[in-house]
Amino acid sequence: MLLVLVIAMVQARYFLSIGILSAAKNFEQRQLLRETWLQEVRNNSELRAIFIVGRDANEAINEACQAEQAAKGDLLLTETPEDYYQIAAKTRRAIQWAFPGSDHLLKCDDDTVVHVEQLVEDLNQFLLYMGAFYWHAAAIREPWNKFYLSLKQWKRATLPNFAAGCGYILGSALGNYL
């Protein structure tokens with residue numbers, strides 16, 4: 001049986017969208033990025049960036065995030081609980097925000113420094129999936145480890161090859177598919 005995947009070609013409005021995962025309480029981290037490398041993003045109409053922020057257990061922090069969004073306009077406030085184990089849900093929100101409408105997505109964390117000019121130059125070589133890859137990584141079976149996978153969750157001894165979570169780039173074909 002032959003499976004054919006057809007992806008609708010959408011005219012992208014942005015060359016690069018940057019989804020920055022940030023904990024709700026990280027106000028100072030976000031402001032530091034705004035004052036540094038995000039200025040280069042803001043000055044280029046083909047680039048855009050947003051902080052993806054979850055819901056904190058402390059309602060005062062959530063209210064402060066709402067005020068920050070009203071003032072800065074660069075937060076995507078989600079109902080995802082702020083928890084390390086919810087990173088995949090926040091990453092999914094970054095993908096939904098970026099595609100369609102972007103040629104590329106850089107997913108990174110709020111402790112990342114991006115050399116924007118170099119990144120744009122590298123992306124002009126049309127990369128689909130770029131990052132620090134792990135090849136044939138062993139599934140971690142120790143329940144105390146934050147990366148623990150039970151045999152029920154993943155039966156194989158090794159994981160599929162993947163780019164590390166600290167930062168990676170998806171091209172639009174893959175992003176629209178996801």
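Residues numbered from 1 in each chain as written. Predicted model: local features only at pLDDT ≥ 70, side-chain atom pairs only at ≥ 80, totals over all residues. Heavy atoms only, no water.

Right, let's talk about the overall build of the protein for a bit. Within the protein one finds 6 helices and 6 strands. Listing each helix as α and each strand as β along the protein from the N terminus yields β-α-α-β-α-β-α-β-α-β-β-α. Sorting the 178 residues of the protein into buried and exposed places 38% on the buried side. (Helix = DSSP H or I, 4+ residues; strand = E, 2+ residues; numbered from the N terminus. Buried < 20%, exposed > 50% of the residue type's maximum accessible area, 1.4 Å probe, protein only.)

Attention shifts here to the environment of Asn 161. For Asn 161, the position within the fold is in the loop between strand 5 (129–134) and strand 6 (162–171). Remark: the alpha-carbon pair of Asn 161 and His 136, spanning 25 residues in sequence, is separated by 6.0 Å. If near-sequence neighbours (up to four positions away) are discounted, Asn 161 is found in contact with Tyr 134, Trp 135 and His 136. (Contact = heavy atoms within 4.5 Å.)

Looking at where Ala 139 falls in the secondary structure, it is placed in the loop between strand 5 and strand 6. Sequence-distant contacts of Ala 139, defined by excluding residues within four places in its chain, comprise Trp 154, Arg 156, Ala 157, Thr 158 and Leu 159.

Next up on the list: the pattern of salt bridges. The final tally for this structure, using the stated rule, is 8 salt bridges. With a shortest N-O distance of 2.7 Å, Arg 34 and Asp 74 are connected by a salt bridge. Linking Arg 34 in helix 1 (residues 27–35) with Asp 74 in the loop between helix 3 (59–72) and strand 3 (75–81), this pair joins segments that are 40 residues apart in sequence. Taking the relative accessible area as the measure of exposure, Arg 34 reaches 11% and is therefore buried. Residue Arg 42 pairs with Asp 74 through a salt bridge whose shortest N-O separation is 2.8 Å. Linking Arg 42 in helix 2 (residues 38–42) with Asp 74 in the loop between helix 3 and strand 3, this pair joins segments that are 32 residues apart in sequence. In this structure Arg 42 comes out as partly exposed when scored by relative accessible area, which is 42%. A single network of salt bridges, built from pairs that share partners, joins Arg 30, Arg 34, Arg 42, Glu 68 and Asp 74. (Salt bridge = Lys/Arg side-chain N within 4 Å of Asp/Glu carboxyl O.)

A few words on the confidence of the model for the protein. Should pLDDT be low for a region, the predicted coordinates there are not to be read in detail. Per-residue confidence for the protein gives a mean pLDDT of 85, with 80% of residues at or over 70. Here residues 1–10 is a poorly scored stretch, pLDDT under 50, and it has 5 contacts once near neighbours within four places are set aside; other chains count. (pLDDT = per-residue confidence, 0-100.)

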